[in-house]
Amino acid sequence: MSRRGRYIAFEGWEASGKSTQARLLADRINAVLTREPGGTDLGLAIRDLLLGNGPEPTQRAEALLFAADRAQHLAEVVEPALSQGNDVITDRSYGSTLAYQGHGRGQSTEELMRLVEWASGGLLPDLVVLLTVPVDTANGRLGDERDRMEREDADFAARVIDGFAVLASADPDRWIVVDGDGSIAEVAERIANAVGVK
Ligand code: TMP
């Protein structure tokens, strides 16, 4: 029987470089690369509802749509890959729900964690890599074409960024914080060291 794969999530504020770094690490360790929201066909439709220019969901509807995306993603992509012995790297996971819907929007993180656990059937990443970059650097990388989250104001950004720091310090066995400021190659080396890959 093959070993179960390792499940690693990348988290961070917008334009923190996590998509690039998730891809580089996935190439390096030959892992399945995926993302939330939008890692399945259903998830792509949900992503469009959440981040496109359609009707504005209520806060609870927003949290439930992210949870629906995650439930489908874990059942269809993540769990099958892990049980076949593949490592999985996801660009965002439950931490974004706690940081954005919890700390950002002001919903209860305890209630959201119950939603996360129900949607995921208790499957959480083994490791979460939180990439930090100064907010001005990150926001400077955002173009004019911004999605619903990227259009939020500076206070929202500050709450989400602080929220990620709180989540990381509350669960240090699962979360590692990596300085995302620097060249792509420098940051990739920091991540490889932190994650323990050659
Ligand atoms: P991204 O894939 O380009 O990072 O965009 C995903 C957006 O969705 C980003 O603004 C973070 C947000 N998000 C949440 O608010 N809650 C979640 O649970 C997830 C997975 C993402």
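Keep in mind that this is a model prediction, so the values were computed, not measured.

How each quantity is defined
- Numbering of residues starts from 1 in every chain and runs along the sequence as written.
- Confidence filtering applies because this is a predicted model: local features only for residues at pLDDT of at least 70, side-chain atom pairs given and counted only at 80 or more, and all residues used for totals across whole chains, interfaces and linings.
- The side-chain figures draw on all heavy atoms in the structure; neither hydrogens nor water molecules are used.
- Helix and strand labels come from DSSP, where a helix needs a run of H or I of at least four residues and a strand needs a run of E of at least two; each type is numbered from the N terminus.
- Throughout, radius of gyration means the C-alpha value; the globule benchmark is 2.2 Å times the number of residues raised to the power 0.38.
- Using a 1.4 Å probe on the protein chains alone, a residue whose accessible area is under 20% of its type maximum counts as buried, one over 50% counts as exposed, and one in between counts as partly exposed.
- Should any heavy atoms of two residues lie within 4.5 Å, those residues are considered in contact.
- Within 3.5 Å is the distance limit for a polar contact, defined as a pair of N or O atoms, with the added protein rule that one can donate a hydrogen and the other accept it, and that residues adjacent in sequence qualify only through two side-chain atoms.
- A helix's residues, less one, multiplied by 1.5 Å, set its expected span.
- The arc in question is formed by the directions pointing from the helix axis toward the C-beta atoms.
- Interaxial angles span 0 to 180 degrees and are taken between N-to-C directions of axes, which are lines fitted to C-alpha atoms, for helices over the stretch in contact.
- Should an angle fall under 35 degrees it is called roughly parallel, over 145 degrees roughly antiparallel, and 65 to 115 degrees roughly perpendicular, with every other angle called oblique.
- Should the near helix be turned anticlockwise from the far one by less than a right angle, the crossing is left-handed, and should it be turned clockwise, the crossing is right-handed.
- Classes in brief: Ala, Val, Leu, Ile, Met, Phe, Trp, Tyr, Cys and Pro nonpolar; Asp, Glu, Lys and Arg charged; the others, Gly included, polar.
- When DSSP finds at least two bridges between two strands, those strands are taken to pair.
- Near, as used in this document, describes a residue that has one of its heavy atoms within 4 Å of the molecule or strand being considered.

Student: If you had to explain the overall build of the protein chain to someone new, which residues and values would you point to?
Tutor: In terms of helices and strands, the protein chain carries eight helices and five strands. Mapped in sequence order, the helices and strands of the protein chain form the string β-α-β-α-α-β-α-α-β-α-α-β-α. The C-alpha radius of gyration of the protein chain comes to 16 Å, within 12% of the 16 Å expected for a compact globule of 198 residues. The dimensions of the protein chain, computed from C-alpha atoms along their principal axes, are 45 × 35 × 30 Å. Going through the 198 residues of the protein chain one by one, you find that 49% of them count as buried. If you take every contact in the protein chain between residues at least 6 apart in sequence, the share linking residues at least 24 apart comes to 80%.

Student: Could you give me a rundown of the side chain of arginine 92, with the residues and numbers involved?
Tutor: Mapped onto the fold, arginine 92 is located in the loop between strand E3 (88-91) and helix H4 (94-104). Looking at arginine 92, its side chain comes within polar contact range of the side chain of serine 96, at 3.0 Å. Side chain to side chain, arginine 92 and tyrosine 100 meet in a polar contact 3.2 Å long. What arginine 92 contacts, discounting residues up to four positions off in sequence, is Phe10, Glu11, Gly12, Trp13, Glu14, Lys18, Glu36, Tyr100 and Phe164.

Student: I'd like a description of helix H8 (residues 184-195), backed by residues and values.
Tutor: An ideal rise of 1.5 Å per residue puts 16 Å on twelve residues; H8 measures up with 16 Å between its terminal C-alpha atoms. For H8, every residue scored as buried is listed here: Val187, Ala188, Ile191, Ala192 and Val195. Take H8 and look down its axis: the buried residues cluster within an arc of 140 degrees, on one side only. Of the exposed residues in H8, those oriented more than 90 degrees away from the buried face are Ala185 and Asn193. Each element contacted by the buried residues of H8 is listed here: strand E1 (7-11), helix H1 (18-29), strand E4 (127-132) and strand E5 (175-179). Positive phi appears at glycine 196, one or two residues downstream of H8, with a value of about 80 degrees.

Student: Any details on the packing of helix H2 (residues 41-51) against helix H3 (residues 59-83)? Residues and values, ideally.
Tutor: Look at H2 against H3: their axes get within 9 Å of each other, and the N-to-C directions meet at 160 degrees. Judged by the angle between their axes, H2 and H3 are roughly antiparallel. Between H2 and H3 the crossing geometry is left-handed. Here H2 contributes Leu42, Gly43, Ile46, Leu49 and Leu50 to the contact with H3, which in turn contributes Glu62, Leu65, Phe66, Ala68, Asp69 and Gln72. Looking at the contact of H2 with H3 residue by residue, the classes come out as seven nonpolar, two polar and two charged.

Student: Describe the pairing of E3, and please don't skip the residues or the numbers.
Tutor: Side-chain direction in a regular strand flips from residue to residue, so the side chains alternate between the two faces of the sheet. Burial along E3 is two-sided: the face carrying Val88 and Thr90 and the face carrying Ile89 and Asp91 are both buried. Sheet topology places E1 next to E3; four bridges connect them, and they run parallel. Counterpart to alanine 9 in the pairing with E3 is threonine 90. Bridging between strand E2 (residues 32-35) and E3 involves four bridges; their strand directions are parallel. Looking across to E3, one finds that valine 32 is bridged to valine 88.

Student: Any details on the site of the ligand? Residues and values, ideally.
Tutor: The immediate surroundings of the ligand are formed by 14 residues, with Glu14, Arg70, Arg92, Thr97 and Gln101 found nearest. Arginine 70 places a polar side-chain atom, nitrogen or oxygen, 3.0 Å from an oxygen atom of the ligand. Contact distances for the ligand include 2.7 Å between an oxygen atom and a side-chain N or O atom of arginine 92. Elements that contribute at least two residues to the shell around the ligand include exactly H2, H3 and H4. With four residues, the single largest contributor to the shell around the ligand is H4. Residues of the shell around the ligand, tallied by class, amount to five nonpolar, three polar and six charged.

Structural measurements only, silent on function.
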